[in-house]
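# Inside the fold
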Amino acid sequence: MSLSPGSHLGPYEINAPLGEGGMGVVYRATDSKLKRQVAIKVLPEAFAADADRLARFEREAQVLAQLQHPNIASIYGLEESNGVRALVMELVEGEDLAERLQRGPLPLDEALAVARQIAEALEAAHEKGIVHRDLKPANVKLTPEGKVKVLDFGLARAMDSVGASAAEVQNSPTLTAHATQAGVLLGTAAYMAPEQARGRPVDRRADIWAFGVVLFEMLTGRRLFEGETVSDILAAVLTREVDFGLLPPSTPPAVTNVLRRCLARDP
């Protein structure tokens, strides 16, 4: 369901759409009570007809709302109005890392500064037992002040029963399947860990793999795993050898060693 500018969802006035992905449409909105800007992610309509799925999502959202870290975009709560259910989140200004990478690789110092903040966000979440499952450049915001904010922590799990088309998965949204199916795929193809691509259970090590893929992309300016179809990309994730020779000559050996550890196919 789409919301028009000027409409209201509870105490939130919708200002403008921000984007759309496999996990819902996102809007900029104004919190009329606290007088602050927020992001509103409207959940797919399939939730309204599935009480069990919605209850599971709400339980996950409660856990995610407890995740407070300067490098993680906060979840403020859930809102329901006129049959529309939405997640209320911190609005993070700035471009995302995917947009930045369209202009080419990041200089080494900048890439390492961004990577360090992503790693700190992952560590904080992992210590609370939360795995991102969909870490990718589009889920990393770079604020005008130079701070990194990781978005959508744990939402791939929270929304694990909302389907996205295979064509959409190749780039930005999340590939999902019903939680009780064998061979569940959660995540975005090019950044999936091998065990994730095989539909096996994942833990924090899947995030570590994705972190390595993102860092490699920041340093080289190119995707590590590509293909014409989602199947081709997944095949590359499972079989294609990583060419560390593509890294800039200035890459310190310690950074290359970190990448080798992150991108080891055996968890």
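Going by the structure above, here's the rest.
Residues numbered from 1 in each chain as written. Predicted model: local features only at pLDDT ≥ 70, side-chain atom pairs only at ≥ 80, totals over all residues. Heavy atoms only, no water.

A few words on the nonpolar core. Counting 61 residues, the largest nonpolar core has Ile 118, Phe 153 and Met 218 as its most contacted members. Among the elements that make up this core, the one with the highest residue count is helix α7 (residues 204–220) (ten residues). If we skip the residues at most four places from it in the chain, Ile 118 touches Leu 135, Val 140, Val 148, Val 150, Phe 211 and Val 214. Membership of the second largest hydrophobic core comes to twelve residues, among which are Leu 3, Tyr 12, Tyr 27 and Val 88. (Core = buried A, V, L, I, M, F, W, Y, C linked by side-chain atoms within 4.5 Å. Buried < 20%, exposed > 50% of the residue type's maximum accessible area, 1.4 Å probe, protein only. Helix = DSSP H or I, 4+ residues; strand = E, 2+ residues; numbered from the N terminus. Contact = heavy atoms within 4.5 Å.)

Moving on, we come to the pattern of salt bridges. A full pass over the atoms with the stated rule returns nine salt bridges. Its salt-bridge partner being Arg 36, residue Asp 31 comes within 3.7 Å of it at the nearest N-O pair. The class for Asp 31 is buried, based on a relative accessible area of 4%. Between Glu 90 and Lys 149 there is a salt bridge, and its shortest N-O distance comes to 3.1 Å. Placement of Glu 90 in strand β6 (residues 84–90) and of Lys 149 in strand β9 (residues 148–150) is noted, with a sequence separation of 59 residues between them. (Salt bridge = Lys/Arg side-chain N within 4 Å of Asp/Glu carboxyl O.)

Attention shifts here to helix α1 (residues 51–65). The terminal C-alpha atoms of α1, which comprises 15 residues, lie 21 Å apart, in line with the 21 Å expected from a rise of 1.5 Å per residue. Looking at α1, one finds that the buried residues are Arg 53, Leu 54, Phe 57, Glu 60, Ala 61 and Leu 64. Looking straight down α1, one finds its buried side chains confined to an arc of 125 degrees; they lie on one side. Exposed side of α1, more than 90 degrees from the buried face: Ala 51, Asp 52, Arg 59 and Gln 62 are the residues found there. (Expected span 1.5 Å × (residues − 1). Arc of directions from axis to C-beta.)

The next thing to look at is the pairing of strand β5 (residues 75–81). Across six bridges, β5 lies against β6 in antiparallel orientation. Bridging from a neighbouring strand, Glu 80 pairs with Arg 85 of β6. Between β5 and the antiparallel strand that follows it, β6, lie two residues; Asn 82 among them carries a positive phi value of about 50 degrees. (Pairing = 2+ DSSP bridges.)

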